[in-house]
Amino acid sequence: YINDARLLNGVITFRASKTNATACQIIESGDSVTTILFNDVTNSPNHDVFGAFVLGEVGHGTYQIFREGIYDFQSQIIATGAAPDTTHFDAVDSYIQILVNSTAVSFSYGQASTSQVTQYKVTTGPITLSRADVVKVQIFNGSDEDILISEVAGHCFFAGKQLD
């Protein structure tokens, strides 16, 4: 039995974002799947309570579950197309997903805000995870053009909280 109040009031265990500290991430066109390389867990409001967010070269941008429990994850990114998309089909052809141990647990299509900018948001809702499970965010680019993951502070993030 899960207390609904605890689900709503869980403490955010980590929050990572993309910063301008590294080159912007380019996602190639033509059905390519790429892990989003979130690279900042130290600058406010980012944090990592258990030190479980991986920033190194192997597993970069992933979160390793520190202890078994019920978790909730969310992510948001903003992507800019290499050329204007007047039909807005690129947003429908591409999606963001959250994976646990390489299995998608949630996904969402993009929402075009202009002819070149698409916003992607995804959340898992409560899921039960085991210690050492690995959680990551990937984007699937199904459009016919490269997209660039924006590194605007506060707009591109990956966050999770342990609910129970």
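Re the overall build of the protein
Here is step 1 of the chain: On a plain count of helices and strands, the protein comes out with 2 helices and 15 strands.
Here is step 2 of the chain: Burial statistics for the protein: of 164 residues in total, 48% are counted as buried.
Here is step 3 of the chain: Considering only contacts within the protein whose residues lie at least 6 apart along the sequence, 75% involve residues at least 24 apart.
Here is step 4 of the chain: Carbon together with sulfur atoms contributes 53% to the accessible area of the protein, which is approximately 8300 Å² in total.

Describing the side chain of D133
Here is step 1 of the chain: Following the sequence through the fold, D133 ends up in the loop between β12 (127-129) and β13 (134-141).
Here is step 2 of the chain: It turns out D133 is buried and unbridged, and the closest side chain with the opposite charge, R131, is 10 Å from it.
Here is step 3 of the chain: The contact partners of D133, leaving out residues within four places of it in the chain, are Y63, Q64, I65, V100 and N101.

Regarding the nonpolar core
Side chains of a nonpolar character, in soluble globular proteins, are inclined to be buried together.
Here is step 1 of the chain: Residues F73, I77 and F158 are the most contacted members of the largest nonpolar core, which totals 29 residues.
Here is step 2 of the chain: At the level of elements, β1 (11-17), β7 (69-81), β8 (95-100), β11 (117-123), β12, β13 and β14 (147-149) are the ones that each hand at least two residues to this core.
Here is step 3 of the chain: Element by element, the count of residues in this core is highest for β7, at 5 residues.
Here is step 4 of the chain: Setting aside chain neighbours within four positions, we find I77 in contact with I36, F38, I96, T118, Q119, Y120, I139, I149, H155 and C156.

A word on the confidence of the model for the protein
Here is step 1 of the chain: Looking at the protein as a whole, the pLDDT averages 81, with 80% of positions reaching at least 70.
Here is step 2 of the chain: Per-element confidence in the protein is highest for β12, whose mean pLDDT is 96, and lowest for helix α1 (residues 4-9), whose mean pLDDT is 52.

Concerning the packing of aromatic side chains
Here is step 1 of the chain: Tallied over the entire structure, the rule returns 14 aromatic pairs.
Here is step 2 of the chain: Ring geometry for Y95 and Y109: centres 5.8 Å apart, planes at 75°, overall edge-to-face. Placement of Y95 in strand β8 and of Y109 in strand β9 (residues 103-109) is noted, with a sequence separation of 14 residues between them.
Here is step 3 of the chain: By the ring-pair criterion, three or more aromatic residues cluster together here, those being F14, F38, F53, Y63, Y71, F73 and F158.
Here is step 4 of the chain: Taking NZ or CZ as reference, R131 lies 5.9 Å from the ring centre of F66, over its face.

Some words on the side chain of T62
Here is step 1 of the chain: Relative to the helices and strands, T62 is located in strand β6 (residues 62-64).
Here is step 2 of the chain: Apart from residues no more than four positions distant in its own chain, T62 is found in contact with A52, F53, V54, V134, V135 and K136.

A look at unusual backbone geometry
Here is step 1 of the chain: Following S44, the chain continues to P45 via a peptide bond in cis, the omega torsion being 10°.
Here is step 2 of the chain: With respect to the helices and strands, the residue P45 is situated in the loop between β3 (32-35) and β4 (47-48).
Here is step 3 of the chain: Despite not being glycine, S102 has its phi angle at roughly 70°, a positive value.
Here is step 4 of the chain: Residue placement: S102 occurs in the loop between β8 and β9.
Here is step 5 of the chain: Residue S102 is classed as exposed on the basis of its relative accessible area, which comes to 56%.

Thresholds applied
- Residues numbered from 1 in each chain as written.
- Predicted model: local features only at pLDDT ≥ 70, side-chain atom pairs only at ≥ 80, totals over all residues.
- Heavy atoms only, no water.
- Helix = DSSP H or I, 4+ residues; strand = E, 2+ residues; numbered from the N terminus.
- Buried < 20%, exposed > 50% of the residue type's maximum accessible area, 1.4 Å probe, protein only.
- Contact = heavy atoms within 4.5 Å.
- Areas by Shrake-Rupley, 256 points an atom, 1.4 Å probe, with all protein chains shown as cover.
- Lys, Arg positive; Asp, Glu negative; His and termini not counted.
- Salt bridge = Lys/Arg side-chain N within 4 Å of Asp/Glu carboxyl O.
- Core = buried A, V, L, I, M, F, W, Y, C linked by side-chain atoms within 4.5 Å.
- pLDDT = per-residue confidence, 0-100.
- Phe/Tyr/Trp six-rings, centres within 6.5 Å; stacked < 30°, edge-to-face > 60°.
- Lys NZ or Arg CZ within 6 Å of the ring centre and 35° of its normal.

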